[in-house]
Amino acid sequence: MTDQKQKRNVVSSLIFTFPDDDSSKPKVALFRRSDKVRTYPHHLAPISGNIDPTDKDPLTAAWRELHEETTLTPANLTLWRIGKPFTFSDPALNREWTVHPFAFKLKPASQGGQGEAAIRTDWEHERWEWHDPASIVDDEAFGGVPRLHETLRRVFPDCEMDERAGEALARGLERLQQDHKSGAHELTGIALAIFREVISQTHEIDEAFWRTARMAAWHLIKNGRESMGAATLNALLSILVELDEILHQPAPGTGQEEKRDRILSTIDSHIANRKANTARLKDAFISYIQSTFLATQPKRDRITMLTLSASSTTRNSILDAFAALDIPTLELRILESRPLFEGATLASSIYSRFESEFRSRPDKKLDIKIYTDAAAALAAQNIEIVLLGADRICSSKGVSNKTGSLPVVLSARHVTPSAKILVLSQLEKVVGDDGILEDKVEDNDPEEVFSAWRNERVEGRQVLEDTLTSPKTETDNSATIQVKNIYFEWVPLTLVDAFVSDEGLLDETTIKNKSQQLGKLASKYFDDL
């Protein structure tokens, strides 16, 4: 079977540098492969290599290859975007390549990096150089490896769009990536507004438009805040279903402007309907409390809840439910949620809203207690509800929420076994094993942790910070330090008493059916990109 194609899974990592202002476009580093490599010697290429069986995933392989070939590490690079994999054949080598593209930002000195001085190539490369992304083409005169342009556009789709549409997508992705304060519901609203802007700035409504729309949606899901992308995935797939009908089953005589108006009207309708979903969620939450706590004790004088983080869904639902229920006192316990202290933000927001909206309600009293994260077990004593939001709900994994959720649930199970573990979430947070949203750890910038330590003047902090930022040499000893700043964790379904959604109480069957439906739509609209 010598004529059978050899199949290779490879990573292809593009390194970008960005100007300090908006006066020019980013540049991409390309490396001239040496004559010592077996494939494509003397061609321009990203940093690339095979995915080994020992690699946990393609991203692990990408970081390994970057370090081996350039010495670059997360100290000098940040992951910028992930591209959708693609497959092609090279008859000259009798090989089929599946390429997993990645884009990385080179950190300048202003961000704690060394800039291009950090790039030190090995024997696989003759030299490297910066290129304008718009100059990269797939022809012999340019001298790149096969499908180099395709690799680029997978992580830089804005370069293939109408200029204003591309700018809208690039600005939007940057906004989503940098937003570490908004909850998943708010981020989805932002993503839909960005999607609308991209669509409105795209000139022709044709098959290329349909591909642009689907690719923009894919990147907003994957390269915005992937860990919080379940709601965005659901919302954008719902929009694509309707856009598909408008584009491919148009009414007779429908012209370009009529299609555009219908498309934008469809997106606007989805954005507006999100408010109605929030109102239904509040009603379902009220109904749950009435049936669970007031049915047997209708004249109770207080209810005690424990929550964390700063979910807008949680924030809005708590006071709306309290206003509607015949309970005089709400005792609300909140964990501070380090390192960004979203719990303190939540407490402040709820307190301010109560002071503003409940002045005419002398029958209502709000008692807020803020606990440190380490005091989760103390905070859980004698509570009635542990109230969690959700960034994802998956039938096989459970509920993904802010780190600290699992410790508080386990603490409550131990110190107050009668407490109800309640997940409050829109149905759009349900996600399946669709291959788009990966179950990866979102390990964020350690600087957020260091900032908190600096403010508290933590003893020994400077030693840790210097160790992390100092360049390593081959003579360094084997002692290492890492600061892990992980935002999300899974709470198993078996630990949750009830899922309250805008469609009422959810069960595992509903979650599984929704997951399967989502997977089919994702496959339909994204597989052929």
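Residues numbered from 1 in each chain as written. Predicted model: local features only at pLDDT ≥ 70, side-chain atom pairs only at ≥ 80, totals over all residues. Heavy atoms only, no water.

If you look the protein up in an unreviewed UniProt entry, it shows as Nudix hydrolase domain-containing protein from Aspergillus fumigatiaffinis. Per UniProt, the comment on the protein under Sequence similarities (unreviewed entry) is "Belongs to the eIF-2B alpha/beta/delta subunits family." (UniProt positions renumbered as here; feature names shortened; annotations may be inferred.)

When you look at the overall build of the protein in this model, what are you seeing that I'm missing?
Each helix and strand in the protein was counted, giving 14 helices and 18 strands. For a compact globule of 529 residues, the expected C-alpha radius of gyration is about 24 Å, and the protein comes in at 26 Å, within 12% of that figure. Along the first, second and third principal axes, the C-alpha atoms of the protein reach 80 × 75 × 55 Å. Classification of the 529 residues of the protein by burial places 51% in the buried group. For the protein, the proportion of contacts with a sequence separation of at least 24, taken over those separated by at least 6, is 77%. Accessible surface, the protein: about 25100 Å² in total, of which carbon and sulfur atoms supply 49%. When the 65 positive and 81 negative side-chain charges of the protein are each reduced to one mean point, those points stand 4 Å apart. (Helix = DSSP H or I, 4+ residues; strand = E, 2+ residues; numbered from the N terminus. Rg over C-alpha atoms; globule rule 2.2 N^0.38 Å. Buried < 20%, exposed > 50% of the residue type's maximum accessible area, 1.4 Å probe, protein only. Contact = heavy atoms within 4.5 Å. Areas by Shrake-Rupley, 256 points an atom, 1.4 Å probe, with all protein chains shown as cover. Lys, Arg positive; Asp, Glu negative; His and termini not counted. Charge placed at Lys NZ, Arg CZ, Asp CG, Glu CD.)

How do you make sense of empty space enclosed by the protein when you look at a structure like this?
It is a probe the size of a water molecule, rolled over the atoms, that shows where empty space is left. Under the counting rule described, the total for this entry stands at 3 cavities of 30 Å³ or more. In this model, the largest cavity occupies a volume close to 250 Å³. Forming the walls of the largest cavity are 23 residues, and the residues nearest its centre are Ser-182, Gly-183, Met-228, Ser-309 and Asp-391. Among the secondary structure elements, those contributing two or more residues to the lining of the largest cavity are helix H4 (184-200), helix H8 (312-324) and strand E14 (398-402). Within the lining of the largest cavity, the residues separate by chemical class into 7 nonpolar, 10 polar and 6 charged. Each pocket or cavity is described by its volume, and for the second largest cavity that value is around 50 Å³. (1 Å grid on protein atoms, 1.4 Å probe; cavity = no way out; pocket = protein on both sides within 12 Å on 5 of 7 lines; lining within 4 Å. Points joined across faces, edges and corners; volume = space filled by probe spheres on them. Nonpolar A, V, L, I, M, F, W, Y, C, P; charged D, E, K, R; others polar.)

Honestly, the pairing of strand E2 (residues 27-33) in this entry has me stumped. Any pointers?
Side-chain positions along a regular strand alternate between the two faces of the sheet. Burial within E2 is extensive, with 6 of its 7 residues counted as buried. The pairing of E2 with strand E3 (residues 44-45) spans 2 bridges and is antiparallel. If you follow Phe-31 over to E3, its bridge partner there is Ala-45. (Pairing = 2+ DSSP bridges.)

Help me out: how do you make sense of the pairing of strand E9 (residues 302-307) in this one?
The buried count for E9 comes to 5 of 6 residues, which makes it a mostly enclosed element. Pairing of E9 with strand E10 (residues 329-335) involves 6 bridges; the strand directions are parallel. Residue pairing for E10: Leu-306 is matched across the bridge by Arg-333. Both E9 and strand E12 (residues 385-388) contribute to a ladder of 2 bridges, which runs parallel. Residue Leu-306 lies in a different strand from E12, and its bridge partner there is Val-386.

For this particular structure, what's the right way to read the side chain of Arg-33?
Topologically, Arg-33 is positioned in strand E2. Of the side chains with opposite charge, Glu-124 lies nearest to the buried Arg-33, which makes no salt bridge, at 5.4 Å. A distance of 2.8 Å separates a polar side-chain atom of Arg-33 from the backbone oxygen of Thr-39. Not counting residues up to four positions away in its chain, the partners in contact with Arg-33 are Thr-39, Tyr-40, Pro-41, His-42, His-43, Ala-45, Ser-48, Glu-124, His-125, Glu-126 and Val-145. (Salt bridge = Lys/Arg side-chain N within 4 Å of Asp/Glu carboxyl O. Polar contact = N/O pair within 3.5 Å; in protein donor to acceptor, adjacent residues only side chain to side chain.)

Explain the sheet that holds E10 to me, please; I cannot follow it from the model alone.
Picture the strands of a sheet paired through backbone hydrogen bonds; they go either parallel or antiparallel. Read across the sheet, 7 strands follow the order E11-E10-E9-E12-E15-E17-E18 without closing on themselves; strand pairing throughout is mixed. Here the strands that pair on one side only, and so sit at the sheet edges, are strand E11 (365-371) and strand E18 (504-506). When the angles between neighbouring strand axes are averaged without regard to direction, this sheet yields 30 degrees. Those strands touched by helix H11 (residues 405-415) are E9, E10, E12 and strand E15 (420-424), and its axis lies near 165 degrees from that of E12. (Axes fitted to C-alpha atoms, helices over the stretch in contact; angles between N-to-C directions.)

What exactly am I supposed to notice about helix H9 (residues 342-357) here?
An α-helix turns once per 3.6 residues; consequently, residues spaced three or four apart project the same way. Helix length check: H9 (16 residues) gives 22 Å between terminal C-alpha atoms against 22 Å at 1.5 Å per residue, within 8%. For H9, every residue scored as buried is listed here: Glu-342, Gly-343, Leu-346, Ala-347, Ile-350 and Phe-354. Take H9 and look down its axis: the buried residues cluster within an arc of 145 degrees, on one side only. Here the buried face of H9 lies against E9, H8, E10, E11 and E14. (Expected span 1.5 Å × (residues − 1). Arc of directions from axis to C-beta.)

Whenever I open this one, the pattern of salt bridges confuses me. Can you help?
Evaluated as defined, the whole model comprises 31 salt bridges. Put simply, Asp-528 and Arg-214 hold a salt bridge, and the shortest N to O gap is 2.6 Å. Of the two residues, Asp-528 sits in the segment after helix H14 (508-526) while Arg-214 sits in helix H5 (residues 207-222), which places them 314 residues apart along the sequence. Here Arg-413 and Asp-497 are joined by a salt bridge, their closest N and O atoms 3.3 Å apart. Remark: Asp-497 occurs in the loop between strand E16 (488-491) and strand E17 (498-501) and Arg-413 occurs in helix H11; sequence separation between them is 84 residues. Taking relative accessible area as the criterion, Arg-413 reaches 24% and is therefore assigned partly exposed.

What is the right way to look at H5 in this model?
The first and last C-alpha atoms of H5 sit 23 Å apart over 16 residues, in line with the 22 Å expected at 1.5 Å per residue. Counted residue by residue, H5 has 13 buried out of 16 residues, so it is predominantly covered. Capping of H5 at its N-terminal end is provided by Asp-206; its side-chain oxygen lies 3.2 Å from the backbone amide nitrogen of Ala-208.

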